[in-house]
Amino acid sequence: MSTEDKPATPRSLAEALRGRDDAALAALLRSRPDLITPVPTDLTQLATRAGTRASVVRALERLDRFALQTAEALAVAPDPAPYEELLGLMTGDEGDQAVAAALPHALATLREQALVWGPDDRLRLVRTARELLAPSPQHPSPTGLGPTVQEATSGMSPGRIQEIVTAAGLASTHDAVSAVAALTALFKDRKRMKALLADAPEESLEVLRRLVWGPPYGQVTADPAARLRWLLDRGLLLPTAPGTVVLPREVALHLRGGHAHRATEPLPPPVEPAGTHRPQVVDATAAGQAYSALATVEELLRDWDEGGPTVLRAGGLSVRDLKRTAVALDVPEPIAAFWVELAYAAGLIASDGEADERYAATPAYDEWLEQPADRRWVRLAEAWLAATRTAGLVGGRDSKERTMSALGPGLDRSAAPEVRHRVLALLAELPEGAAPSAESVLARLRWERPLRAPQSDDDLRTRLARWTLSEAELLGVTGRGALSAHGRALIGAPKAKASADAPSGPGDKLPVHHKHHRVPAREPLNPAEQAVASAAAARLLAPLLPEPLDHVLLQADLTAVAPGPLQRPLADMLDVLADVESKGGATVYRFTPGSVRRALDAGRSASDLHAFLAAHSRTPIPQPLTYLIDDVARRHGHLRIGAASAYVRCDDDALLNEIVADKRAAALHLRRLAPTVLAAQADPATLLEGLRAMGFAPAAESAEGDVLITRAHAHRTPPRTAPEPVPDGPRAPDPTLLTAAIRAIRAGDLASTTPRKQTPVTNGELPRTGSAETLATMQAAVLTGETLWIGYVNAEGSASQRVIAPIKVEGGFVTAYDHTADEVRTYPLHRITGVAELADD
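In this text the structure is predicted, and so the values were computed from the model without any measurement.

**A short note on the overall build of the chain**
Assigned secondary structure in the chain consists of 33 helices and 25 strands. The C-alpha atoms of the chain give 39 Å as radius of gyration, which overshoots the globular expectation for 841 residues (28 Å, by more than 25%). Each principal axis of the C-alpha atoms in the chain carries an extent, and together these give about 130 × 90 × 60 Å. Every one of the 841 residues in the chain was classed for burial, and the buried ones make up 47%. Sequence separation of 24 or more characterises 66% of the internal contacts of the chain that already satisfy a separation of 6 or more. Looking at the chain as shown, the accessible area adds up to about 40700 Å², and 54% of this sits on carbon and sulfur atoms. For the chain, the distance from the average position of its 92 positive side-chain charges to the average position of its 105 negative side-chain charges is 3 Å.

**Topic: the environment of Gly243**
Summarising the element assignment, Gly243 is placed in the loop between strand S4 (238–241) and strand S5 (244–246). The spacing of Gly243 and Glu471 is 228 residues in sequence and 54 Å in space, taken between C-alpha atoms. Apart from the residues within four sequence positions on either side, Gly243 is in contact with Gly218, Gln219 and Val220.

**Side note on the side chain of Arg802**
Structurally, the position occupied by Arg802 is in strand S22 (residues 799–810). Residue classification places Arg802 among the buried positions, given a relative accessible area of 15%. Side chain to side chain, Arg802 and Asp818 meet in a polar contact 3.1 Å long.

**Considering the pairing of strand S18 (residues 671–674)**
Pairing of S18 with strand S19 (residues 677–680) involves three bridges; the strand directions are antiparallel. In the strand pairing of S19, Ala674 is matched with Val677. Here S18 folds back onto S19 in antiparallel fashion, the turn holding two residues.

**As for the pairing of S22**
For a regular strand, side-chain orientation follows a simple rule: the groups alternate between the two sheet faces. Relative to S22, strand S21 (residues 788–793) runs antiparallel, the two being bridged by six bridges. The residue of S22 that forms the bridge with Val793 is Ala799. Linking S22 back to strand S23 (residues 813–818) in an antiparallel pair, the connection comprises two residues, with Gly811 at a positive phi of about 60°.

**Notes on the sheet that holds S21**
Strand order in the open sheet formed by five strands is S24-S23-S22-S21-S25, and the pairing between neighbours is antiparallel. Here the strands that pair on one side only, and so sit at the sheet edges, are strand S24 (823–828) and strand S25 (832–837). Strand-to-strand twist across the sheet, computed as the mean angle between neighbouring axes with direction ignored, equals 45°. Relative to S25, S21 runs antiparallel, the two sharing five bridges. If you follow Gly791 over to S25, its bridge partner there is Gly834. Helix H33 (residues 771–784) contacts S21, S22, S23 and S25 of the sheet and is inclined by roughly 65° relative to S22.

**A short note on the environment of Pro409**
Positionally, Pro409 belongs in the loop between helix H20 (373–386) and helix H21 (416–428). Between the C-alpha atoms of Pro409 and Ile629, which are 220 residues apart in sequence, the distance is 49 Å. In this structure, Pro409 is in contact with Ala314 and Gly315, ignoring residues within four places of it in sequence.

**Things to note about the sheet that holds strand S14 (residues 579–582)**
The antiparallel open sheet is built from four strands, whose spatial order is S12-S13-S15-S14. The open sheet is flanked by strand S12 (553–555) and S14, the only strands paired with a single partner. Ignoring which end each strand starts from, the neighbouring axes of this sheet average 30° apart. Judged from the three bridges that link them, S12 and strand S13 (residues 559–562) form a sheet pairing that is antiparallel. If you follow Leu553 over to S13, its bridge partner there is Val561.

**Brief notes about the side chain of Thr276**
You can see Thr276 is positioned in strand S6 (residues 273–276). Relative accessible area serves as the criterion here: at 1%, Thr276 is assigned to the buried category. A distance of 3.2 Å separates the side chain of Thr276 from the backbone oxygen of Gly433, its partner in a polar contact.

**A closer look at the packing of helix H16 (residues 279–303) against H20**
As a packed pair, H16 and H20 sit with axes 10 Å apart at the nearest point and diverge in direction by 80°. Considering their axes alone, H16 and H20 lie roughly perpendicular with respect to each other. In this structure, H16 contributes Ala290, Leu294, Val297 and Glu298 to the contact, and H20 contributes Ala373, Arg376, Trp377 and Leu380. Its residues assigned to classes, the contact of H16 with H20 comprises six nonpolar, no polar and two charged.

**Some points on unusual backbone geometry**
Here the bond from Asp79 into Pro80 is cis, since omega is 0°, no more than 30 degrees from zero. Tracing the chain through its elements places Pro80 in the loop between helix H5 (65–75) and helix H6 (83–91). The residue after Gly214, namely Pro215, is reached through a cis peptide bond having omega -5°. Here Pro215 lies in the loop between helix H13 (202–211) and strand S3 (217–219). The phi dihedral of Ala114 falls on the positive side, at around 60°, and the residue is not glycine. For Ala114, the position within the fold is in the loop between helix H7 (97–112) and strand S1 (116–117). Exposure remark for Ala114: the relative accessible area of 0% places this residue in the buried category.

**Quick notes on the packing of aromatic side chains**
When we look at a pair of aromatic rings, we describe it by the centre distance and by the angle of the planes. Inspection of every chain in the model, using the stated rule, returns four aromatic pairs. The ring centre of Trp368 lies 5.5 Å from the NZ or CZ of Arg376, which sits over that ring.

**Examining the nonpolar core**
Grouped together as the largest cluster of nonpolar side chains are 90 residues, with contacts concentrated most on Phe187, Leu236 and Leu237. When sequence neighbours within four positions are dropped, the list of residues in contact with Leu236 reads Phe187, Met193, Leu196, Leu197, Leu208, Trp230, Leu231, Val246, Leu247, Pro248 and Val251. In this structure, Phe338, Leu342, Ala406 and Leu541 belong to the second largest nonpolar core, which totals 74 residues.

**Observations concerning helix H28 (residues 606–616)**
Of all the positions in H28, only Ala606, Leu609, His610, Phe612 and Leu613 are classed as buried. Along the axis of H28, the buried residues cluster in a sector spanning 160°; they form a single face. Along H28, exposed side chains directed more than 90 degrees from the buried face belong to Ser607, Ala614 and Ala615. Buried residues in H28 make contact with S12, helix H26 (568–577), helix H27 (593–601) and helix H29 (623–635).

**Observations concerning the pattern of salt bridges**
Per the stated rule, a full pass over the model turns up 37 salt bridges. Here Glu581 ties to Arg590 by a salt bridge, and the two come within 2.4 Å at their closest N and O atoms. Across the pair Lys808 and Glu810 runs a salt bridge whose closest N-O atoms are separated by 3.5 Å. Residue classification places Lys808 among the partly exposed residues on the basis of a relative accessible area of 41%. A single salt-bridge network, built from bridges that share partners, covers Arg422, Glu429, Arg444 and Glu448.

**Considering the packing of H5 against H7**
Interaxial distance between H5 and H7 falls to 9 Å at its minimum, and their mutual angle equals 80°. Here H5 lies roughly perpendicular to H7, going by the angle between them. Along its contact with H5, which presents Phe66, Ala67, Thr70, Ala71 and Leu74, the element H7 presents Val99, Ala102, Leu103, Ala106, Leu107 and Leu110. Counted by class, the contact of H5 with H7 contains 10 nonpolar, one polar and no charged residues.

**A closer look at H7**
The end-to-end C-alpha separation of H7 is 24 Å, in line with the 22 Å expected for 16 residues at 1.5 Å each. Remark: the principal bend of H7, roughly 35°, maps to Leu103, with a proline, Pro104, within the next four residues. Restricting attention to buried positions, one finds in H7 the residues Val99, Ala102, Leu103, Ala106, Leu107 and Leu110. Contacts made by the buried residues of H7 are with H5, H6 and S1.

Rules behind the numbers
Residues numbered from 1 in each chain as written. Predicted model: local features only at pLDDT ≥ 70, side-chain atom pairs only at ≥ 80, totals over all residues. Heavy atoms only, no water. Helix = DSSP H or I, 4+ residues; strand = E, 2+ residues; numbered from the N terminus. Rg over C-alpha atoms; globule rule 2.2 N^0.38 Å. Buried < 20%, exposed > 50% of the residue type's maximum accessible area, 1.4 Å probe, protein only. Contact = heavy atoms within 4.5 Å. Areas by Shrake-Rupley, 256 points an atom, 1.4 Å probe, with all protein chains shown as cover. Lys, Arg positive; Asp, Glu negative; His and termini not counted. Charge placed at Lys NZ, Arg CZ, Asp CG, Glu CD. Polar contact = N/O pair within 3.5 Å; in protein donor to acceptor, adjacent residues only side chain to side chain. Pairing = 2+ DSSP bridges. Axes fitted to C-alpha atoms, helices over the stretch in contact; angles between N-to-C directions. Parallel < 35°, antiparallel > 145°, perpendicular 65-115°, else oblique. Nonpolar A, V, L, I, M, F, W, Y, C, P; charged D, E, K, R; others polar. Phe/Tyr/Trp six-rings, centres within 6.5 Å; stacked < 30°, edge-to-face > 60°. Lys NZ or Arg CZ within 6 Å of the ring centre and 35° of its normal. Core = buried A, V, L, I, M, F, W, Y, C linked by side-chain atoms within 4.5 Å. Arc of directions from axis to C-beta. Salt bridge = Lys/Arg side-chain N within 4 Å of Asp/Glu carboxyl O. Expected span 1.5 Å × (residues − 1). Bend = angle between axes of the 7 residues up to and from the residue.

Listed below in structure tokens is the structure:
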């Protein structure tokens, strides 16, 4: 290729971006969506925004370990650096085939994200990234390298530099610049450096070994020891401040064998299977957990049906209310917090907003209950995947040392959805039925986001990953630690391939024989894709869920056994007629006088209860249960309580005599008004509870004398929407926005870079032309078809530059094709401040 045929080397990042096609620009904006908010006016503004500190930090945080190590190596390489120099820093003197094979992909990633630009012979790391990653006393380099010889000697006297050059065995020079260059060349020459260090005392070499991998700084006294003096005399250690010395970068690289990093990691650590199970077992276990999740959420909302706990003044549940909820659900408090937060994220509970603010079910809960079980589970799973509220933080301390409460503020963590999706995607890469080891999942996440997940079990991403693994099991996304078929469908992952030699016994170990390959991270699905994935998950889950039963087994000990989930009308009636004694695969209900009275209070008669039990029992109604219902019904309502302040009415005056004579009735202050009526100073509710506590079965009556039927009052909040997740920065642009943004950037760049004909200018700006000249130029352009460059001020007073091709001029307006907006527009001539013809080329 001749010199004329070679593409010009870009002189700036903006020029490099102009050389990209639309697909490459789209890839940049997808990987760094903050660059498109708002849409830049041209490529120069895009390049400027891509070099801002906040944007570069965000881009670096999203690099995997090897891409970040590549950027760190470029930060300690010359600027610009040829590819061979970068390759040497990454592979060392002895070379590394795996690193050499992975380096082009890492470099392409950095180029795609506009962190590196320029051809292979002149690679440039953007200035902000170099400032963040290059070594400095305030911010040590992750490579552990120090400053170069030139940087370390910048404040040193020329005489001292000449002394170092002479002690190192080099010829003295006439100036400090050439002396530093000669010393640098010596330290870069492997053979000469080997000869120089061959004469070094062992104690001096030990000092170098301690500094070689960083930190490169050390402390010395005013009178250094002989081992340090030998190094200082030859420039192998250079003073940077009083009492401080540094190991020059060139010396450290020689001692490291040319490696910029102690350990280069070109390949992600594999996710190791800890065991495997038959896929059918995994799916069945996950489906059982999914049904238990539905039952738990229903139980929580049923417990809060008449109004839940009060809202703390600062928001959230009190510790006492969380403990009560945990007891009601029969789970530990952290698990109770998870279910409460999940119901809140799904929009099933919220605060009612009243003066005495309480949590309660929302109207959406009633709609949710009417849906099939598989759709109800999908709604919970979708809410969990997208939620930024993190239940695992409940009970911890915020930045102000305040305890964080369930449903309270401060629980949003914007990284949570990404971590959940990534953990499930890693599980989806394993063969069907394979359960990963938690540590291998965490190691992989740390490799993929090293700046966001440091080597610590206390960092946020590590805790989010651990919570994801446990919450996915609770929710039924996984079973026995392995991703279920419906969990795989939920995240849109393709069906896994079963390993040919995978064992089929539960708990058996999988052989580790898969290659260490780089798998692209799966991004969360967009709403349309998620809807399709959720429908597929529901279809896979539906056959695995147990069919609701329409019967129970009545037993002689006044219990009923539900051998599985019950149909909703049957379950609702049993909740009123009996008390739940135990839960599990089979639910045991116990009939008591209080539970039967509860059903009678709700308006049921004894005959109704007998008919209900006969219709839904696979066993005959035991005689003790028949006697219990008849006995409670016979006494129910025999006493009537109404408002006087309160009274007791009964046709049996002997029964009233018994009540008056009972010492336990003293607190009610009863007195006889008539043979069949007692008056009380207590209110009706207190009187009702007091007589029931004495063993009687009174019924409340209205002012008209009718029996009051007491049903549970379902308290609902006003319509509420589910809480919006807090995004982790700008959202990735959709294809429509991306296409429009690229078109606008291209058009704006055309308007700002198109050459113009030489015209008189003032301060480099577009000349202001008079109305007559503007009109004449426009009319001529209509006839010749030329394209013009104009200055335009809109109605709000905002000035802009535009490239237009006039079509017609009439009535004080010009109609033209606007290349900037990529559409035909009409402009008032009086708002055009100046016009110029574009150059012929």
